[in-house]
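Spelled out from the first residue to the last, the chains are:
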Amino acid sequence: MRKELMEMLEARKDEMIEIRRYLHEHPELSFKEEKTAQYIVDFYEGKDVEVQRNVGNGYGIIVTIKGGKAGKTIALRADFDALPIVEETDVPFKSKNEGVMHACGHDAHTAYLLILADCLIQLKDSLPGTIKIIHQHAEETPPGGAKSIVESGVLDDVENIYGIHIFPTHPAGYVGYHSGYSLAGRSFFKLVIQGVGGHGSSPHMANDAIVASAYFVTAVQTVISRRLNPFDHGVVTIGSFDGKGTFNVIKDSVELEGDVRYMTVENQKLIAKEVERIVKGIEVEFDVKCTLDYTFDYPPLYNDPKVTADVVAALENMNDPDIKEVGEYPMLSGSEDFAYYLEKIPGCFFYIGCKPKGVENAYFNHHPKFDVDEDCLIVAAKAVGQVVCSYYGLE
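Bear in mind the structure is a predicted one, so any value in this text is a computation, not a measurement.

Peer 1: Quick question: what am I supposed to make of the sheet that holds strand 8 (residues 185-194) here?
Peer 2: Two orientations exist for strands paired in a sheet by backbone hydrogen bonds: parallel and antiparallel. Taken in spatial order, the four strands line up as 10-12-8-13 in an open sheet, and their pairing is antiparallel. Two strands in the sheet have a free side with no partner beyond their single neighbour: strand 10 (234-242) and strand 13 (289-296). This sheet shows a mean twist of 15 degrees between the axes of neighbouring strands, independent of strand direction. In the sheet, strand 8 pairs with strand 12 (residues 253-262) via ten bridges, with the strands oriented antiparallel. Counterpart to Ile-193 in the pairing with strand 12 is Val-254. Sheet strands touched by helix 6 (residues 209-220): strand 8, strand 10 and strand 12. Its angle to strand 10, the strand with the most contacts, is close to 165 degrees. Running over the sheet, helix 8 (residues 265-286) touches strand 8, strand 10, strand 12 and strand 13 and is turned about 170 degrees from strand 13.

Structure representation (structure tokens):
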């Protein structure tokens, strides 16, 4: 079956590219992917599968491929939302939705998985088990789509789960992996510091919220440098400081927003505790009132070591001209809501190179000039197809 599957994927490489380009032209933002979801559902029309729509908190789709024989159930996932970015590429299939762009590669994820799923449907009589295809909405915007899909219960029977992400750090043909904690968790906080406004000439009659806020910005950096184990990883970024006013007026209130990254659940809790502690100290030191809204977004992504080892072994034994290198990838400080699946189901989230040909320093994901080598599509399809065949012991 493996040989037949690979031949089928090769024959449909151009179709993958065609689908990717269509999706790239018609991107939709998280939780607003109505037309994209309909396109995906239409693709499965008339095929011998069960299709569940509107799974979770948005347009999530679960396609169940039941094999010809009883066996274990696995899941494959691809996301399909885009980003609020004005595209700056020169491709002929540039986004037609102004201000919205597939700048993270979710169009490629969806395109490869649609064709892989269709090939598996055609070969399902040879499958000793069930494969659930997860077309997931809203990866980019918390609370994301993954958590709600897990909570829906549709994956309760899944034994292992797999997903990929394309990155332009390596050329097409490269497949990367990392065992254990692999991508950072993410939290968000909003802090309002309320002081007392006044005239710039009379600070003693006011209580300057900007001064208190500036101290907070400095102090919160000590969480990473003085509270985290030096061998751990963490980041606290103040991305918004809204203190605009007039040059001779003491500001009465300031609103700040922060982004937090960490590689373990323990540090997720530690950083939150320390930020809260500093906020309480700012209240006492500057006699201001602070309102902190701290939200845990995506958890750290943990690749099961055994499942990851099995994936690596399957890929290294593949002997396919499209898979040129399998290498260990470093930990990443970005976040992915695929982590919610991995909290419940052992699995592996690995990486596919997509650096455009002839480019030394490619624009990274989320850049308005982000582009891919579309050869990454066949690499992703074959890599995940190989993992499926290896899991079920199919030759």
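Peer 1: I keep staring at unusual backbone geometry and nothing clicks. Help me out?
Peer 2: Negative phi is the rule for most residues except glycine; trans is the rule for most peptide bonds. The omega angle of the peptide bond from Pro-142 to Pro-143 is 10 degrees, so this bond is cis rather than trans. The topology assignment puts Pro-143 in the loop between strand 4 (130-136) and helix 5 (146-152). Of note, Phe-31 is a non-glycine position whose phi angle comes to about 70 degrees, a positive value. Secondary-structure assignment places Phe-31 in the loop between helix 2 (13-25) and helix 3 (34-43).

Peer 1: Which parts of the structure should I look at to understand the UniProt feature "binding site: Mn(2+)" (unreviewed entry) in the protein chain?
Peer 2: As recorded in UniProt, the sites labelled "binding site: Mn(2+)" (unreviewed entry) are Cys-104, His-106, Glu-140, His-165 and His-366. In three dimensions, the annotated residues from a span of 263 residues occupy one location, with a maximal C-alpha spread of 13.0 Å. The annotated residues contributing to the lining of the largest pocket are Cys-104, Glu-140, His-165 and His-366. Looking at where His-106 falls in the secondary structure, it is placed in helix 4 (residues 106-122). If near-sequence neighbours (up to four positions away) are discounted, His-106 is found in contact with Asp-79, Phe-80, Asp-81, Glu-139, Glu-140 and His-165.

Conventions and cut-offs
Residues numbered from 1 in each chain as written. Predicted model: local features only at pLDDT ≥ 70, side-chain atom pairs only at ≥ 80, totals over all residues. Heavy atoms only, no water. Pairing = 2+ DSSP bridges. Helix = DSSP H or I, 4+ residues; strand = E, 2+ residues; numbered from the N terminus. Axes fitted to C-alpha atoms, helices over the stretch in contact; angles between N-to-C directions. Contact = heavy atoms within 4.5 Å. UniProt positions renumbered as here; feature names shortened; annotations may be inferred. 1 Å grid on protein atoms, 1.4 Å probe; cavity = no way out; pocket = protein on both sides within 12 Å on 5 of 7 lines; lining within 4 Å.

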